[in-house]
Amino acid sequence: QVQLVESGGGLVQAGGSLRLSCAASGRTFSSYIMGWFRQAPGKEREFVSSISWSGDRTYYTDSVKGRFIISRENAKKMVYLRMNSLKPEDTGVYYCAAGEGWSEYEYWGQGTQVTVSS
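Criteria and thresholds
- Residues numbered from 1 in each chain as written.
- Predicted model: local features only at pLDDT ≥ 70, side-chain atom pairs only at ≥ 80, totals over all residues.
- Heavy atoms only, no water.
- Pairing = 2+ DSSP bridges.
- Helix = DSSP H or I, 4+ residues; strand = E, 2+ residues; numbered from the N terminus.
- Axes fitted to C-alpha atoms, helices over the stretch in contact; angles between N-to-C directions.
- Buried < 20%, exposed > 50% of the residue type's maximum accessible area, 1.4 Å probe, protein only.
- Contact = heavy atoms within 4.5 Å.
- Salt bridge = Lys/Arg side-chain N within 4 Å of Asp/Glu carboxyl O.
- Disulfide = S-S within 2.5 Å.

Caption draft 1: Examining the sheet that holds strand β1 (residues 4–7) more closely. An order of β1-β3-β8-β7 is seen for the 4 strands of this open sheet, with the pairing classed as antiparallel. With partners counted over all chains shown, the strands left at the sheet margins are β1 and β7 (68–73), one partner each. Strand after strand, the sheet turns through a mean of 15° between neighbouring axes, direction not considered. The sheet contact formed by β1 and strand β3 (residues 18–24) spans 4 bridges and is antiparallel. The residue of β3 that forms the bridge with Glu-6 is Cys-22.

Caption draft 2: Representation of the environment of Arg-19 in the model. Tracing the chain through its elements places Arg-19 in strand β3. The class of Arg-19 is partly exposed, set by a relative accessible area of 39%. Along the chain, Arg-19 and Arg-45 lie 26 residues apart, while their C-alpha atoms are 20 Å from each other. With sequence-adjacent residues up to four places away left out, Arg-19 is seen in contact with Ser-7, Gly-8, Tyr-80, Leu-81 and Arg-82.

Caption draft 3: Broad picture of the pattern of salt bridges. Summed over all chains, the structure comprises 6 salt bridges. A salt bridge links Arg-38 to Asp-90; the shortest N-O distance between them is 3.0 Å. With Arg-38 in strand β4 (residues 33–39) and Asp-90 in the loop between β8 (78–83) and β9 (92–99), this residue pair connects regions lying 52 residues apart in the sequence. Considered together, Arg-38 and Asp-90 belong to a single accessibility category, that of buried residues. Taking the shortest distance from any N to any O, the salt bridge between Asp-90 and Arg-67 comes out at 2.8 Å. With Asp-90 in the loop between β8 and β9 and Arg-67 in the loop between β6 (58–60) and β7, this pair connects stretches of sequence that are 23 residues apart. When salt bridges that share partners are traced, they join Arg-38, Glu-46, Arg-67 and Asp-90 into one network.

Caption draft 4: Highlighting the state of the cysteines. All told, the structure shown has 1 disulfide when counted by the stated rule. Two residues, Cys-22 and Cys-96, share a disulfide whose sulfurs are 2.1 Å apart. The sign of the S-S torsion, about -80°, decides the handedness of the disulfide formed by Cys-22 and Cys-96: left-handed. With a gap of 74 residues between them, Cys-22 in strand β3 and Cys-96 in strand β9 connect regions that are remote in the sequence.

Right, dumping it as structure tokens:
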């Protein structure tokens, strides 16, 4: 089983920045697609970003393009999401996820809260 633990969330003012981190267990971490999702209270969980095994392919939902950057360091079993120019609508619980293929996420972290105030 893959274990994922997110960190780095917090309270920031609109226009500020945060970097989320996801620490993963497992010898085969580098073979997994990694993704970030978020969920606001009363809302469905939505896709934010994803990154391929090698890091050479990344995807972002339209609302965060140009503001968020996903990256990974396989040797450290870490995935990051740098969030810039944050907006109140970015508020939610952010989850790290892992899967063996695109849109095949099987493992999830516990989430970290991000709150952006206006």
